[in-house]
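# Coordinate inspection notes
The chain contents come next:
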Amino acid sequence: MTAISAVLLALITGWLVPAPRLAMAAFLGPWLVALIYQTADIGLGYAVSPPQTVTQFPRVIGYVVVTAVILVLGLTLSALISERRSRAVRHAGRQTARAMTKRATLAGTVAVAALIVLDIADHAVLVWPESTAHHTTNPSPPLFGILSIASCLIGIAVLGAPVLRRRAAARLGDRGTRTAG
């Protein structure tokens, strides 16, 4: 759930807040809600991963590392979308930026709440005993999680390349003016 919510939140916050740092701030709160829910869901045995993934020390290291990677990918994608969006809209005043951040946080929270409701409905209605009744010792990651991480990586590559080119051009331009002066 954290990977799916990272993609959704990056899209929401990056689009609604045309200031990268504020977009990342709007991303964090709702994403932490998704993380807390997912960790509890795994710990209670409702997820594909066995509860030991979040309750036993050696196994929890992998969970923490993967979660940290997903957080970094989501924050990066949110900042890149926001940076791209800031070029398309004119900069608003500080008060408006604060209002945009609150609106994006609220929209992100609603999206995460919808994901949680869907997950709860999945547990209640679409009971798949084989998915959780027989946890394996080496479970494979959920398909949606893998696809979400791949989506983040593709988005970062697509949106990050122009940013890197602009920064490199700016550096070359600075060198040219330093040597000419």
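Residues numbered from 1 in each chain as written. Predicted model: local features only at pLDDT ≥ 70, side-chain atom pairs only at ≥ 80, totals over all residues. Heavy atoms only, no water.

### Points about the layout of surface pockets
Taken as a whole, the second largest pocket spans an internal volume of roughly 150 Å³. In terms of lining, the second largest pocket is formed by Pro20, Ala79, Leu80, Glu83, Gly160, Val163 and Arg167. Taken together, the residues of the lining of the second largest pocket sort by class into four nonpolar, one polar and two charged. (1 Å grid on protein atoms, 1.4 Å probe; cavity = no way out; pocket = protein on both sides within 12 Å on 5 of 7 lines; lining within 4 Å. Points joined across faces, edges and corners; volume = space filled by probe spheres on them. Nonpolar A, V, L, I, M, F, W, Y, C, P; charged D, E, K, R; others polar.)

### What about the pattern of salt bridges?
Following the criterion strictly, the structure yields two salt bridges and no others. Note that glutamate 83 is salt-bridged to arginine 87, the shortest N-O span being 2.9 Å. With glutamate 83 and arginine 87 both in helix H4 (residues 57–88), this residue pair falls four residues apart, about one helical turn. Take glutamate 83: its relative accessible area is 17%, and that puts it in the buried class. For arginine 87, a relative accessible area of 53% corresponds to the exposed category. Residues glutamate 83 and arginine 166 are paired through a salt bridge, measuring 3.1 Å at the closest nitrogen-oxygen approach. (Salt bridge = Lys/Arg side-chain N within 4 Å of Asp/Glu carboxyl O. Helix = DSSP H or I, 4+ residues; strand = E, 2+ residues; numbered from the N terminus. Buried < 20%, exposed > 50% of the residue type's maximum accessible area, 1.4 Å probe, protein only.)

### Comments concerning the packing of helix H1 (residues 2–16) against helix H2 (residues 20–43)
Relative orientation of the contacting elements H1 and H2 amounts to 160°, with a least axis distance of 9 Å. As judged from the angle between their axes, H1 and H2 are roughly antiparallel. Crossing of H1 against H2: the hand is right-handed. The residues of H2 that touch H1, namely those facing Thr2, Ser5, Ala6, Leu9, Ala10, Thr13 and Gly14, are Ala23, Ala26, Phe27, Pro30, Trp31, Ala34, Leu35 and Gln38. For the contact of H1 with H2, the class distribution of residues is 10 nonpolar, five polar and no charged. (Axes fitted to C-alpha atoms, helices over the stretch in contact; angles between N-to-C directions. Parallel < 35°, antiparallel > 145°, perpendicular 65-115°, else oblique. Left-handed = near helix turned anticlockwise from the far one by under 90°. Contact = heavy atoms within 4.5 Å.)

### Considering the packing of aromatic side chains
This structure, assessed with the given rule, holds one aromatic pair. One residue, arginine 85, lies across the ring of tryptophan 15, its end atom 4.0 Å from the ring centre. (Phe/Tyr/Trp six-rings, centres within 6.5 Å; stacked < 30°, edge-to-face > 60°. Lys NZ or Arg CZ within 6 Å of the ring centre and 35° of its normal.)

### Here we look at a nonpolar patch on the surface
Residues Phe57, Ile61, Val65 and Val69 make up a contiguous nonpolar surface patch of about 390 Å² in total accessible area. Here valine 69 is to be found in helix H4. Taking the relative accessible area as the measure of exposure, valine 69 reaches 44% and is therefore partly exposed. (Patch = residues over 30% accessible without salt bridge, like charges linked within 9 Å, V, L, I, M, F, W, Y side chains within 5 Å. Areas by Shrake-Rupley, 256 points an atom, 1.4 Å probe, with all protein chains shown as cover.)

### Re the side chain of threonine 53
Among the secondary structure elements, threonine 53 is positioned in helix H3 (residues 52–55). Polar side-chain contacts of threonine 53 include one of 2.8 Å to the backbone oxygen of proline 50. Those residues in contact with threonine 53 that lie beyond four places of it in its chain are Ile42, Arg59, Val60 and Tyr63. (Polar contact = N/O pair within 3.5 Å; in protein donor to acceptor, adjacent residues only side chain to side chain.)

### Considerations on the side chain of serine 78
Following the sequence through the fold, serine 78 ends up in helix H4. In this structure serine 78 comes out as buried when scored by relative accessible area, which is 0%. Residue contacts for serine 78: discarding those within four places in its chain leaves Ala10, Thr13, Gly14, Ala23, Met24 and Phe27.

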